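Listed below, chain by chain, are the residues.
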Amino acid sequence: QVQLVESGGGLVQAGGSLRLSCAASGSIFRIYTMGWYRQAPGKQRDLVATITSGASTNYADSVKGRFTISRDNAKNTVYLQMNSLKPEDTAVYYCTIRYPGGMNDWGKGTLVTVSS
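First things first, this report covers the structure right here in the doc.

Brief notes about the overall build of the protein chain
Okay, so step 1: Of regular secondary structure, the protein chain possesses zero helices and eleven strands.
Okay, so step 2: Reading the protein chain from its N end, one meets helices and strands in the order β-β-β-β-β-β-β-β-β-β-β.
Okay, so step 3: Taking 116 residues into account, the globule formula puts the C-alpha radius of gyration at 13 Å, and the protein chain, at 13 Å, falls close to it.
Okay, so step 4: The principal-axis extents of the C-alpha atoms in the protein chain amount to approximately 40 × 25 × 25 Å.
Okay, so step 5: A sequence separation of at least 24 residues applies to 53% of the contacts in the protein chain between residues at least 6 apart.
Okay, so step 6: For the protein chain, the computed accessible surface area is about 6,300 Å², with 47% contributed by carbon and sulfur atoms.
Okay, so step 7: Here the protein chain contributes 12 positive and 7 negative side-chain charges, whose respective centroids are spaced 3 Å apart.

A look at the packing of aromatic side chains
Okay, so step 1: The full count for this structure, using the stated rule, is two aromatic pairs.
Okay, so step 2: Seen in terms of ring centroids, Tyr32 and Tyr99 are 5.2 Å apart; in terms of plane orientation they differ by 85°. Their pairing is edge-to-face. With Tyr32 in the loop between strand 3 (18-24) and strand 4 (33-39) and Tyr99 in the loop between strand 9 (91-98) and strand 10 (104-106), this residue pair connects regions lying 67 residues apart in the sequence. Each member of the pair, Tyr32 together with Tyr99, is buried.
Okay, so step 3: Aromatic side chains Tyr37 and Trp106 sit 5.1 Å apart centroid to centroid with 70° between the ring planes, which places their arrangement in the edge-to-face category. On the criterion of sequence distance, the pair formed by Tyr37 in strand 4 and Trp106 in strand 10 is long-range, its members being 69 residues apart.
Okay, so step 4: Residue classification places Tyr37 among the partly exposed positions, given a relative accessible area of 22%.
Okay, so step 5: The ring of Trp106 is capped by Arg45, whose NZ or CZ atom sits 3.7 Å from the centre of that ring.
Okay, so step 6: The ring of Phe29 is capped by Arg71, whose NZ or CZ atom sits 4.7 Å from the centre of that ring.

Considering the state of the cysteines
Okay, so step 1: The tally for this structure, following the rule as stated, stands at one disulfide.
Okay, so step 2: Here Cys22 engages in a disulfide with Cys95; their sulfurs sit 2.1 Å apart. Here the S-S torsion is close to -80°, and the disulfide linking Cys22 with Cys95 is therefore left-handed. With Cys22 in strand 3 and Cys95 in strand 9, this pair connects stretches of sequence that are 73 residues apart. An identical accessibility class is assigned to Cys22 and Cys95; each is buried.

Some remarks on the pattern of salt bridges
Okay, so step 1: Scanning the model with the defined rule gives three salt bridges in all.
Okay, so step 2: Taking the shortest distance from any N to any O, the salt bridge between Asp89 and Arg66 comes out at 2.8 Å. On the criterion of sequence distance, the pair formed by Asp89 in the loop between strand 8 (77-82) and strand 9 and Arg66 in the loop between strand 6 (57-59) and strand 7 (67-72) is long-range, its members being 23 residues apart. Across this residue pair, the class does not change: Asp89 and Arg66 are buried.

Calculation criteria
- Residues numbered from 1 in each chain as written.
- Predicted model: local features only at pLDDT ≥ 70, side-chain atom pairs only at ≥ 80, totals over all residues.
- Heavy atoms only, no water.
- Helix = DSSP H or I, 4+ residues; strand = E, 2+ residues; numbered from the N terminus.
- Rg over C-alpha atoms; globule rule 2.2 N^0.38 Å.
- Contact = heavy atoms within 4.5 Å.
- Areas by Shrake-Rupley, 256 points an atom, 1.4 Å probe, with all protein chains shown as cover.
- Lys, Arg positive; Asp, Glu negative; His and termini not counted.
- Charge placed at Lys NZ, Arg CZ, Asp CG, Glu CD.
- Phe/Tyr/Trp six-rings, centres within 6.5 Å; stacked < 30°, edge-to-face > 60°.
- Buried < 20%, exposed > 50% of the residue type's maximum accessible area, 1.4 Å probe, protein only.
- Lys NZ or Arg CZ within 6 Å of the ring centre and 35° of its normal.
- Disulfide = S-S within 2.5 Å.
- Salt bridge = Lys/Arg side-chain N within 4 Å of Asp/Glu carboxyl O.

Next up, the structure:
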């Protein structure tokens, strides 16, 4: 029901930074928890970060201290600021919205490649 469009991925050298954006459709974006997941080739999709409607955040241990998730409800947009990037961060990054009851919508993903 909600359309999610990610942007901001690309190729970056280890130690560099990128900011991902996820633009969502709909007028009730503000009440939902949002998240970022990532999936490397041949691997399972893993949680990166979440942010609630009240702006409480949660991070995977692997990105804690390096990544920051935020949201701008007026723009229906969630962001992922990624600093000190490592080759292990290379993956397709997906934006998700979580509805009450546990159902999700997903974006198509944006590729982040970190070279060493």
